[in-house]
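# Summary of the model geometry
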Amino acid sequence: MKLVVQVKLLPTPEQAAALEATLHACNRAATHVASVAFDTGVKDRNGLQKLLYADIKATFALSAQPAVRVVNKVVDAYTTLTAQARAGLLGKATSKRYRSAMSSPVSFRPGAAQPFDDRCLSWQQDARTVSIWTVGGRMKALRYTGSAGQLKVLHAHRKGESDLVQRGGKWFLIATCDLPEPDVMEPADWIGVDRGIVNLATTSDGVNYQGRGLRRYRNWCARKRAELQKKQTRSATRRLARRSTREQRHATHLNHRISKEIVSVAQRTGRGIAVEELDGIRDRDRVRLRRDQRGTLSSWPFHQLGRHLAYKARQAGVAFLEVDPAYTSQRCPRCGHTEKANRPTRDHFRCRRCALAGPADTVAGVNVRDRARSAWAFVTMPAPATPA
Ligand SMILES: [Zn+2]
């Protein structure tokens, strides 16, 4: 299982200057390659390398490996862009967004990530330093730091390339680690997780993780964004971009915390985790939402929470299952009666037949759990013996 570990670099002022010169040169080179690729239509690895390899090395003072990485980075960027366009993520081919994305070459920020392989970057774990290629020659004894847990993973499992990035004047290496995957424990039972808008996650145990802080924060951000958008200046645009990054980071932080907690409960109690398949959730909530709320739904981090849960579960050897989401909000877990009127309001569930009542999100979580119970029994049931 792949895992990324980020360590912070502690360069001296001279080392920082050399890192900056190196990263900026790599990204200037990448922007140049991208514009040639755009003009000539050559966007494959071999073609671009043949065309530009000597040029990159001479003009930008890059050595062989970094030059190859720069070309790969550009090829990857165009591949991603094409895939996004094809998947409709840039809107219709006639939209302003689509046209502006496709009508100019890809460009790279000066501090954008640059991959370094083992030939250009070596790690001295005991000294907690790296030695790294720079445009001014090999830099030795560059110190790094990180949390104890991260360093432990890094030192035991680092494999392959690491990315050098500059963020907010600070320097980081993002290393890829390859961890052995634990066997999945046979679950004794399941925790059903209902994902929602007010409660980001509610479990069949009745525990809910509220997104209220997040919602308030997002509303505040939306207001600020509107103010900034009115201004339309360059600095306002920059501030806007920074704000949306911060907003996303906050949502990511919450999702990390929630998924970590749910997985740790599952591990402690020997249970698996079940969630609803996603498209269903979106449809279900869309129906319930007011028109003015719908816009926020597509950006709501359901997907991310699901990914975090799946990923952390795998890491912990906890079984993870996605179940059919149909009617999980309307079905009575006691008598099975399914009717829209079972859920008179967003928050409350009350069965019209047997009068079972409770918080609606918890009931949905229980339904998800019950579905996982039967789905798992079905999956693990021995195949029927075929008659001889
Ligand atoms: Zn009932």
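Shown above is the structure to which this text applies.
Here goes a summary of the coordinates provided.

Cut-offs used in this document
Residues numbered from 1 in each chain as written. Predicted model: local features only at pLDDT ≥ 70, side-chain atom pairs only at ≥ 80, totals over all residues. Heavy atoms only, no water. Core = buried A, V, L, I, M, F, W, Y, C linked by side-chain atoms within 4.5 Å. Buried < 20%, exposed > 50% of the residue type's maximum accessible area, 1.4 Å probe, protein only. Helix = DSSP H or I, 4+ residues; strand = E, 2+ residues; numbered from the N terminus. Contact = heavy atoms within 4.5 Å. Donors = N, O, S within 2.8 Å, 3.2 Å for Na, K, Ca; no water. Tetrahedral: all angles 85-135°; square planar, octahedral: opposite > 155°, others 65-115°. Polar contact = N/O pair within 3.5 Å; in protein donor to acceptor, adjacent residues only side chain to side chain.

### A closer look at the nonpolar core
- Core analysis: the largest hydrophobic core is formed by 50 residues, its most contacted members being L9, I56, L62, W123, L154 and L164.
- A per-element tally of this core places helix α1 (residues 13-40) first, with ten residues.
- Beyond its immediate chain neighbours, meaning those up to four positions away, L164 contacts L9, L19, L23, A112, A113, Q114, F116, I132, W171, F172 and L173.
- A266, V275, L309 and A313 belong to the second-largest nonpolar core, a separate cluster that totals 17 residues.

### Some points on the coordination of the zinc ion
- Those protein atoms acting as donors to the zinc ion are C332 (SG), C335 (SG), C351 (SG) and C354 (SG), and they sit at 2.3 Å.
- Each of the four donor atoms around the zinc ion contributes to a set of angles spanning 103 to 115 degrees, which defines the coordination as tetrahedral.
- You can call C332 buried: its relative accessible area is 0%.
- Look at C351 and you get buried, because its relative accessible area is 1%.

### Observations concerning the environment of R271
- By secondary structure assignment, the location of R271 is in the loop between α7 (234-269) and β11 (272-276).
- Look at R271 and you get buried, because its relative accessible area is 14%.
- Linking R271 and E186, residues 85 residues apart in sequence, is a C-alpha distance of 8.1 Å.
- In contact with R271, other than residues within four places in its own chain, are P187, A188, D189, W190, I191, D205, V265, A266 and V318.
- Within polar-contact distance, the side chain of R271 engages the side chain of D205 at 2.8 Å.

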